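Report on the structure
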Amino acid sequence: MTPVVIIDHLKKRYGSVEAVKDISFVVPPGEIFGLLGPNGAGKTTTIRCLCTLAKPDSGTIQVGGVSAIDNPKAARRRLGYVAQEVAIDKVLTGRELLNLQAALYHLPPKTAKTRIEELIKLLGLQDYADNKAGTYSGGIRKRLDLAAGLLHQPEILVLDEPTVGLDIESRVIVWDFLRKLSESGTSVLITSHYLEEIDALANRLAIIDHGVVIAQGTPSELKDQIGGDRITLRIREFTAPEEAEKAKTFLTPLPFVEEVIVNPSQGNSLNLIVTPQSNPLSKIEQTLLNSGLPIFSMAQSRPSLDDVYLAATGRTLMDAEIAALGMRDLKAEKKQEMK
Ligand SMILES: Nc1ncnc2c1ncn2[C@@H]1O[C@H](COP(=O)(O)OP(=O)(O)OP(=O)(O)O)[C@@H](O)[C@H]1O
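Presented here is an overview of the structure given in this document. Computed from a predicted structure; not experimentally measured.

1. Observations concerning the pairing of strand β1 (residues 5-14)
- Sheet topology places β1 next to strand β4 (residues 58-63); five bridges connect them, and they run antiparallel. The residue of β4 that forms the bridge with I6 is Q62.
- Judged from the seven bridges that link them, β1 and strand β2 (residues 17-27) form a sheet pairing that is antiparallel. Paired with L10 across the bridge in β2 is I23.
- Counting the residues between successive antiparallel strands, the hairpin from β1 to β2 contains two residues, one of them, G15, with a positive phi of roughly 55°.

2. Things to note about the pattern of salt bridges
- On inspection of all chains with the given rule, the structure shows 13 salt bridges.
- Here D307 makes a salt bridge to R230, at a shortest N to O gap of 3.7 Å. Residue D307 is found in helix α11 (residues 305-313), and its partner R230 is found in strand β11 (residues 229-234); the two are separated by 77 residues along the sequence.
- With a relative accessible area of 15%, R230 lands in the buried category.
- It is possible to trace a salt-bridge network through shared partners that takes in R95, E117 and D130.

3. Some details on the packing of helix α8 (residues 219-226) against α11
- Taken N-terminus to C-terminus, the directions of α8 and α11 make an angle of 50°; their axes are 9 Å apart at the nearest point. Relative to α11, the element α8 is oriented oblique. Here the hand of the crossing between α8 and α11 comes out left-handed. Between α8 and α11, the residues in contact are P219, L222, K223 and I226 and L305, D307, V308 and A311, respectively.
- Residue classes in the contact of α8 with α11 are distributed as six nonpolar, no polar and two charged.

Analysis parameters
Residues numbered from 1 in each chain as written. Predicted model: local features only at pLDDT ≥ 70, side-chain atom pairs only at ≥ 80, totals over all residues. Heavy atoms only, no water. Pairing = 2+ DSSP bridges. Helix = DSSP H or I, 4+ residues; strand = E, 2+ residues; numbered from the N terminus. Salt bridge = Lys/Arg side-chain N within 4 Å of Asp/Glu carboxyl O. Buried < 20%, exposed > 50% of the residue type's maximum accessible area, 1.4 Å probe, protein only. Axes fitted to C-alpha atoms, helices over the stretch in contact; angles between N-to-C directions. Parallel < 35°, antiparallel > 145°, perpendicular 65-115°, else oblique. Left-handed = near helix turned anticlockwise from the far one by under 90°. Contact = heavy atoms within 4.5 Å. Nonpolar A, V, L, I, M, F, W, Y, C, P; charged D, E, K, R; others polar.

Have a look at this one:
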């Protein structure tokens, strides 16, 4: 089936900042595709180019077979965009805002009316639609944004960090809605810096770092590629560094152990990467007992998307996030965007 979105070798710079260096991916119909990356990786710039709100320096973008660069109007008809933050008119009610949006899309009044009622119901907005939008909580506000983005029945809904700042309950409502939307045939492209969000939602994803795609595939493909299971082991609740190092020397020679890392930031716990095999926990337990070392806790898990990111970049998403936040001048970016 022809992909709904094809982005090929996209590049975009702001002055001396190369926001997007080389990004390519395709979104198949009816799939949820995730762009995962730390703050400042280039996700928003990529989708601003896709949604025709920024002009790329080079590369191509196709939406439903139409070039978003040569034919932005036609591309816009095929996609719905839910931005990270929207400045809304707080005096109008939700229903009035949807009517306004429908007029902007030139929907015939009868179609608009049916569609608005349908979306109000689908998004559980019946009790709020006639209240002023200024009274809405973040979660209700986001549901209204989703309705507005879907009014013209786009082939793909593009969402920039849709659950930032939402409580867990509202987040789950948004996730469930997006799953249903994709099951009914509408593709979804979502950016997020939350690992769990992309892991829970996306059929496929691209991990972006410093404006380039560093890994791409389904969540399990990416985890399988880096291989090995993870074991987190604590000798004691807070282990002395010498004792953790001692455990490391006994565990490293085990044939199924690929790597042992002592993690000082978590009470000198030991992080092991092991080749998947039967019952590694009991073999580790036996080895430590024979060496006279106790076990406080031990757990085995599959690699996470953070392990994928760590393997590709040498740092965790959280570390990248903290580093990026310290480097950005958000005021200057806002100014540049206004130009
Ligand atoms: N309008 C702008 N003017 C100047 N630099 C910008 C502008 N927009 C983004 N940048 C820079 O481009 C890089 C990529 O930013 P972008 O917003 O695309 O990242 P992101 O991954 O979406 O992060 P976030 O989720 O925080 O928006 C960053 O270094 C950022 O500082």
